[in-house]
Amino acid sequence: MSSIHPDQYVSDRLAGRGAAAAGYAPPDPGDGSLIEDPAVRAPLVLNNRSFGEVTEIICGYAEKAPGKWWMPLFAIAGLAAATGTLMIAYLIITGVGVWGLTNQVDWAWDITNFVFWIGIGHAGTLISAILCLFKQKWRTAVNRSAEAMTIFAVICAGMFPAIHVGRIWFIWMVFPLPNSNSIWPNFRSPLLWDVFAVSTYFTVSLLFWFMGLIPDMASLRDRAHKRMLASKRRAEKPRLGDVIRAYVFGMLSMGWRFSSRHWHRYEVAYLILAGLSTPLVLSVHSIVSFDFATSVLPGWHTTIFPPYFVAGAIFGGFAMVLLLLIPAREVFPNFRDFLTLRHIENMAKILLVTGMMVGFAYSMEFFIAWYSGNEYELSVFLNNRANPAKAPYWWAYWTMISCNVISPQVFWFRKLRTNPLVVWIVALAVTIGMWFERFVIIVTSLHRAFLPAEWHMFHPTPVDVLTFVGSCGIFLTLFLLFVRFLPVFAMAEIKAVLPQAHRHDHDDDHHDDHHGEAH
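Computed from a predicted model, the values in this text were never measured in an experiment.

K.L.:
Can you explain the environment of W70? Please cite residues and give values.
P.N.:
Looking at where W70 falls in the secondary structure, it is placed in helix α4 (residues 70-94). Classification of W70 by relative accessible area gives buried; the value is 6%. Once the C-alpha coordinates of W70 and L480 are considered, the two residues, 410 residues apart in sequence, prove to be 7.7 Å apart. Non-local contacts of W70, meaning those with residues more than four positions away in its chain, are made with L480, L481, V483 and R484. At 3.1 Å, the side chain of W70 and the backbone oxygen of L480 are in polar contact.

K.L.:
Got a sec to walk through the pattern of salt bridges? Specific residues and values, please.
P.N.:
Summed over all chains, the structure comprises 17 salt bridges. Taking the shortest distance from any N to any O, the salt bridge between E63 and R227 comes out at 3.4 Å. Of this pair, E63 sits in helix α3 (residues 51-63) while R227 sits in helix α8 (residues 190-233); the two residues are 164 residues apart in sequence, bridging distant segments of the chain. Overall, E63 belongs to the buried group, its relative accessible area being 12%. With a relative accessible area of 25%, R227 lands in the partly exposed category. In this structure, R342 engages E345 in a salt bridge whose closest nitrogen and oxygen atoms are separated by 3.9 Å. Separated by 3 residues within a single helix, R342 and E345 lie in helix α12 (residues 341-371), roughly one turn from each other. A relative accessible area of 13% places R342 in the buried class. On the basis of relative accessibility, which here comes to 1%, the residue E345 falls in the buried class. A single network of salt bridges, built from pairs that share partners, joins E56, E63, R223, R227, D242 and R245.

K.L.:
Just give me the short version of the environment of C59, but keep the residues and values in it.
P.N.:
Within the secondary structure, C59 is located in helix α3. For C59 and L486, which are 427 residues apart along the polypeptide, the C-alpha to C-alpha distance reads 8.2 Å. Contacts of C59, omitting those with residues within four sequence positions, involve L220, R223 and M491.

K.L.:
Account for the side chain of R417, with residues named and values stated.
P.N.:
Summarising the element assignment, R417 is placed in helix α15 (residues 414-417). A distance of 3.0 Å separates a polar side-chain atom of R417 from the backbone oxygen of F411.

K.L.:
Tell me about the environment of L282, residues and numbers included.
P.N.:
Checked against the element boundaries, L282 lands in helix α10 (residues 260-293). Judged by relative accessible area, L282 falls into the partly exposed class, the value being 49%. In the structure, L282 is positioned 25 residues away from P307 in sequence and 8.1 Å away in space, judged by C-alpha atoms.

What counts and how
- Residues numbered from 1 in each chain as written.
- Predicted model: local features only at pLDDT ≥ 70, side-chain atom pairs only at ≥ 80, totals over all residues.
- Heavy atoms only, no water.
- Helix = DSSP H or I, 4+ residues; strand = E, 2+ residues; numbered from the N terminus.
- Buried < 20%, exposed > 50% of the residue type's maximum accessible area, 1.4 Å probe, protein only.
- Contact = heavy atoms within 4.5 Å.
- Polar contact = N/O pair within 3.5 Å; in protein donor to acceptor, adjacent residues only side chain to side chain.
- Salt bridge = Lys/Arg side-chain N within 4 Å of Asp/Glu carboxyl O.

Here is the structure:
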């Protein structure tokens, strides 16, 4: 390491003196993206990639055979998904009695998993929509994967309200449809608000994700068509994979031809969807929190739940993005060129900030329980959750505190928040902690009612556990299919942050790359 302080280097360079004037630069402690020189823009794509190289690398993930790791991991995820499907079928045939529910704890793992997966789905919209509106260019490395993760997480979340009603064939009654008994759903019920909020969020997120995919699917279409024409010129039979790609992506790209009119309309539509998605990030999990906050149950009846749930959803969602993309960075070739240590550091900072917000919410719950003078509320927090001498679920509460509040504090140190292994371990801890947060909120508030005769412990059954494992398998299966068959990066947005995309770049090599790109 150099003995020259970075600030001294900057001042010397601007003044034209010393080693800085000769072109000396302090070494970057990472991969080249952690430059702290305010006069130098840190690269968002490494190794001076050209437009054509970006296209080849990203399309190659979808066109070439995956690594040897993909099939075993897909088989494990598929087995978990199949197990969960069998558990759901068994539940429908037998009834919700196969779960560990009691007359007192009538919400447990089912709604815990629902709130957990809804929270996971928030990071995609946050990264894509809010960071897009704020012109944060570093989002380009993670937005496509995060958007896909949103869709898959909402699919897993929507599964649990449908199956926890018991008689799933009556699930249509949650919608405002007239029926033979003239019974309409209660529009004052937060459970009905969930139906509208989650379905709207899923629809807008799906449109947002699909809109961003259209130019890239057109690139895959044109590349497959070009290979088919080359095969015909050689009097060879086109590969089946190219034929399928040409027709499937030809249909999904909706006639995209890379014209200026198409790009103009695309950017307008993308901005509108970003504007629609932004309030959904705040509203959806706020409405989910109303399932609890509008009740009179101690432990639930609190006004801090809406902002608390939103911060927790962003917290858990970013953790899941890191949990998935850091391993992908290791197994996919050239993935590190697009997902740099700068991206990982930025997301680690967001984990630190949202983790402190969640920790503040935890402390405010205790303060309000004491300040309100409500002995039942205070008893829930002390005797049901936090006190190891009296609370039966103290282990779940302190697991939540350790994972969500303590573990992100390592990100105060730059050396740790730029270490992918450390960030991945913390992201795993946060994901575990956010599941325990939902478990603590739901179960510890229910298992002890106002009368001691109604006190019941909740013990999950194997069906409970395997259903949740199955939802994780469904999520991972869908994500593996996504990274196998669709572009994991938005190519147009990646190219837009390259130096040669700017009009003031006069490098001859970069100028040539403008004309060397092939879709």
